[in-house]
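# Structural characterization, general
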Amino acid sequence: MTHSPRRRPARRSTRGVGGAALAAVLVFAPVTAVAADAPATAASSPAPIASASPAPAADVPELSAPASSATPAAAPAAAPAAAAVDAMNYVVNAVPGAVTTEAASAAVVAAGGTVLARWDEIGVVTARSTAAGFVDRVRASSSVESAGPTRTAAVRATPDADAGGDAESSAVPSTGVQATGLAERVADVADPGEERRWNDQAVHAAEARAVQPGTPAVLVGVLDSGIDATHPDLVSQVDPAASVGCSVDGVADPDPAAWAPSSDAATSTREHGTHVAGIIAAADDGRGVVGVAPGVRLASVKVVDADGFIYPEYAICGYMWAAQQQMDVTNASFFVDPWAAWCSADPDQAPALDAVARAVAWSQHEGVLDVAAAGNATVGAVAVDLAHKTADSLSPNDSTPQPGRDVSQGCSQLPAEVDGVVTVSSAQQGGGGSIEKSRFSNYGAGVVDLTAPGAAVLSTVPGGGFATLSGTSMAAPHVAGVAALLASVHPGATPAELRDLLARQAGGETPSEYFGAGMVDAFAAVTEDLGRGAVAVASDGVLQAGAAATLRGAGFVPGETVRAEGDAFDESTSSVADQRGRVQLPVRLSPGTPTGPLSFSVAGSSGSSAVVDVEVQEVLAGPVVTSPADGDRLPSGQAVVVEGTSIDSARVTVTVEPAGSPPSGDLPAGDAPAGDLPAGDLPATARASAAAPDAAESSTVRAEQDGTFRATFAGLAAGDWRVSAVTWTVDDVVSATGPAVLFAVDPVPAPVPGDEAGVPAEPGAAPAGPGSASPTPGSSPGEGVVPTGASGRPFAADRARASSAALAWTGSEPGPVALAALLIVAFGVVGVGVGRRRPGDEPR
């Protein structure tokens, strides 16, 4: 994809190393990259990469920078060679006030060197020489302000192993990206399907995307180890025309192989730039991951070589390319090798320190906001307070380190401590919704500007995969992504203005030495300082029916009470806007809310109002009751055990209710439970039962790890019942009511004549009932089983009552009067029966 670069007014930086560099830079003409064997061609080269820690370690690899894409150009003929030494690369800074680098370039040639690249805009020449005494002769030139080596190990030429290989590197290969960049590889991950993770939540990226995902007019340079532009999440995001390789001698090379990851590099180096790129702007396409600003373009600016080093000439090329391409933002998740801190008092280190500062200052002058990682402590070491550096025993990292090197005065990490660069520390999730500094993250009051998530961040890696990595390298691209959003909604803002907005809109977490102005805020970037009034959104513009969610709002009146309005909400609590007019509003759509577009209002008590447009996602399917089965008839007097399947460890609310009552569950239309069938379709017991069931009963249980659940209900009345269930997941999502099952509890059987009813089965028989049996002739009182007549059934006599002469069915004691009355009644019944017989009733 191609887009015309945005032209912006010149911007001037006022912070950190290099304050004087920009003033000197502005007198120079446009930059030109020059080599000894080709005509001069104007070019510059930015490259994306993650910040590395102050020194390399075997288990904390460091990224190196890709070579500049500047075209080789002709230089004056070399002077007679001096005594040969190992090849070394140098930076040569022209005196302030010069309008070109021609005089400095001539001094290089005269001293026995070869010009690699010329950057006229900043008065910097990069060179190589094998001549003994080269640097002393160049320094002696009146056209040169300073000159010094870019490394401590000799340059060694290596053949291209493949199209993406590098032609030169340091003599001592690094183990990968410097510790400032990559603290830990956590895991490879299968396609996560854009699962929202803590890092996305912490910067409110999903809410920002619902408002503004960024615009393609904004270009972000990823100064790193190269980007795999074939990755499905990045193939539409990388602009090949704006990409370059700078990791071979710091000469800009636009060939796609030059800005792709080096196939022969260590894994930590090869995947670093692709991982950083995904954090910034991976596509929002429903698969993989999604970046903070998926609507912007990316440029791969490779400044890390295959051995994992980022030397000064690589970084200079990268920043100059960013300026030439009119990039809006760059991300540097690295530190410039081989020194963890470059010291201005050291004649060999000061020239490169000045040259890099000039390049960064020029990029800002051309409208680029530069973001850099604060760096990481090596594994097992203590993080560095960049504001109070003391000693460095890990540098240089390309040869033998110098133990106890004093870096307390005039020493700076590049590029994190250059004026105008936004320096980022790493934060991780703390308890109770708080954040805490990552163990590995460097820090420093007045050095760290912002913080962002850097622990276990999931993003893209070469080959179409995904991995979780940790480091300030992962924190910085979150800020670069938010800066790209700011550039999208403030197209005319200068780098200084964007930097001020980032700080003003940040979370304000303390202490500032750890977090600077606080956690960067993507949602604030696209809603605040725009004069747009109240706005409220859901994450990614989506709400799931039945799921708890939090709306995020901005632009409300501080202190006013805000509430979501509409019939679709099961829950909508109020919230009070904070002093910045920001609101977090918990809501839950009813599980029965139809899928599709939905609009509702969020209103404040002081008159603020915002319309929220969302896409409603389908409710979670409800649990399935497997027992009792539909139509089961259960005996009375027994507990009813309901079993079914739900989700691992979820809470399940099981409800048993009369079959004829309205369903208690909130079901979507068309899912009416079976209990709402016409009477003719109900089980026979439902039509025959004379007893109505009692009111509904509910029981909440926890599902087992396999998702099965079991709930018990005792004492259900006879009649027809309906049972259904609802799931509450550990993520506080409420499901739809699961399919209802109809069952019946049989009534207690009708009493058989003579069975416990107290009415004699035939004339002369004793009434049935507890303790009503009379002794049988020949039996002892209170013993055995007594027949109750031809239609009755045997039952055990009540020994307690049968042992006396008591009449169990009256409770009275026998006496003459009572006996006489009984005889009269008995003979009267017989007489009445005889008197009513008709002739036709006689037996034949």
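Since we're looking at a predicted model, the values are computed, not measured. (Residues numbered from 1 in each chain as written. Predicted model: local features only at pLDDT ≥ 70, side-chain atom pairs only at ≥ 80, totals over all residues. Heavy atoms only, no water.)

### Brief notes about the confidence of the model for the chain
Keep this limit in mind: What pLDDT reports is the predictor's confidence in each residue, on a scale of 0 through 100. We call two residues contacting when some pair of their heavy atoms lies within 4.5 Å.
Averaged over every residue, the pLDDT of the chain is 79; residues scoring 70 or more account for 71%. Scored below 50 in pLDDT, residues 1-15 shows 54 contacts in the model against residues more than four places distant or in partner chains. Here residues 159-183 scores under 50 on pLDDT; set against residues more than four positions off or in separate chains, the count is 149 contacts.

### Details of the nonpolar core
The following threshold applies: To define a nonpolar core, start from buried Ala, Val, Leu, Ile, Met, Phe, Trp, Tyr and Cys residues and group those joined through side-chain atoms within 4.5 Å. Type-normalised accessible area, obtained with a 1.4 Å probe on protein chains alone, sets the label of each residue: buried when under 20%, exposed when over 50%, and partly exposed for intermediate values. Going along the chain from the N terminus, every DSSP run of H or I of four or more residues is numbered as a helix, and every run of E of two or more is numbered as a strand.
Counting residues in each nonpolar core, the largest one holds 55 residues, and the members touching the most others are Leu298, Val479 and Leu502. Element by element, the count of residues in this core is highest for helix α10 (residues 472-489), at twelve residues. With residues up to four places along the chain from it excluded, the contact list for Val479 reads Val371, Val422, Val424, Leu450, Ala452, Leu502 and Val520. Residues Cys246, Ala252, Phe334 and Val360 belong to the second largest nonpolar core, which totals 46 residues.

### Re the packing of aromatic side chains
Test applied: Two rings belonging to Phe, Tyr or Trp (six-membered ring only in the last case) form a pair when the distance between their centres is within 6.5 Å. Interplanar angles under 30 degrees mark stacking, angles over 60 mark edge-to-face geometry, and anything in between is tilted. Look at NZ for Lys and CZ for Arg. If either is within 6 Å of the ring centre and within 35 degrees of the ring normal, a charge sits over the ring.
All told, the structure shown has six aromatic pairs when counted by the stated rule. Their ring planes at 10° and their centres at 5.4 Å tell us that Phe309 and Tyr311 sit as a pair that is stacked. In this structure, Phe309 and Tyr311 share a single accessibility class: buried. Ring pairing ties together the aromatic residues Phe309, Tyr311 and Tyr314, which thus form one cluster. Residue placement shows Arg151 over the ring face of Tyr311; its charged tip is 3.9 Å from the ring centre.

### Regarding the sheet that holds strand β40 (residues 719-728)
Sheet strands pair by backbone hydrogen bonding; their relative direction is either parallel or antiparallel. What counts is decided by this rule: Pairing between two strands is assigned when DSSP locates at least 2 bridges connecting them. An axis is simply a line fitted to the C-alpha atoms; with a helix, the fit covers only the stretch in contact. Between two such axes, the angle follows the N-to-C directions and lies from 0 to 180 degrees.
Spatially, five strands are ordered β35-β41-β40-β37-β38 in an open sheet, and the strand pairing comes out mixed. The sheet terminates laterally at β35 (632-634) and β38 (697-702), the two strands that pair on one side only. On average, each strand axis in the sheet is tilted by 30° relative to the strand beside it, whichever way the strands run. Direction of pairing for strand β37 (residues 651-658) relative to β38: antiparallel, over a ladder of six bridges. Bridging across to β38, Thr653 finds its partner in Thr700.

### Quick notes on the sheet that holds strand β34 (residues 624-627)
One open sheet accounts for three strands, arranged β34-β36-β39; its pairing is antiparallel. Whereas interior strands pair on both sides, the edge strands pair on one side only; in this sheet they are β34 and β39 (708-713). This sheet shows a mean twist of 35° between the axes of neighbouring strands, independent of strand direction.

### Description of helix α9 (residues 350-365)
Our working rule: Expected span of a helix, by definition, is 1.5 Å for each gap between consecutive residues, and there is one gap fewer than residues.
With 16 residues, α9 extends 22 Å from end C-alpha to end C-alpha; this agrees with the ideal 22 Å at 1.5 Å per step. With respect to burial, α9 is a largely interior element, 14 of its 16 residues being buried. Positive backbone phi, approximately 100°, marks Gly367, located one or two places after α9.

### What to know about the side chain of Asp449
Filter applied, for reference: Any pair of N or O atoms that falls within 3.5 Å is considered a polar contact. Within protein, one atom must be able to donate a hydrogen and the other to accept it, and sequence-neighbouring residues count only if both atoms are side-chain atoms.
Mapping Asp449 onto the fold places it in the loop between β21 (435-437) and β22 (450-453). A relative accessible area of 16% means that Asp449 is categorised as buried. Here Thr423 takes part through its backbone nitrogen, which lies 2.8 Å from a polar atom of the side chain of Asp449.

### What about the pattern of salt bridges?
Where charged atoms from two side chains of opposite charge come close, those side chains can pair. Note the threshold: We define a salt bridge as a side-chain nitrogen of Lys or Arg found within 4 Å of a carboxyl oxygen belonging to Asp or Glu.
Tallied over the entire structure, the rule returns 22 salt bridges. Two residues, Arg151 and Glu313, come together in a salt bridge whose shortest N-O distance is 2.5 Å. Taken together, the positions of Arg151 in the loop between β7 (144-149) and β8 (155-157) and Glu313 in helix α8 (residues 312-324) put the pair 162 residues apart, joining distant regions of the chain. Between Arg209 and Asp540 there is a salt bridge, with its nearest N and O atoms 3.0 Å apart. Taken as a pair, Arg209 in helix α5 (residues 205-211) and Asp540 in the loop between β25 (535-537) and β26 (542-544) lie far apart in primary sequence, 331 residues in all. Residue classification places Asp540 among the partly exposed positions, given a relative accessible area of 36%. Three or more residues joined by partner-sharing salt bridges are found here, namely Glu145, Asp354 and Arg358.

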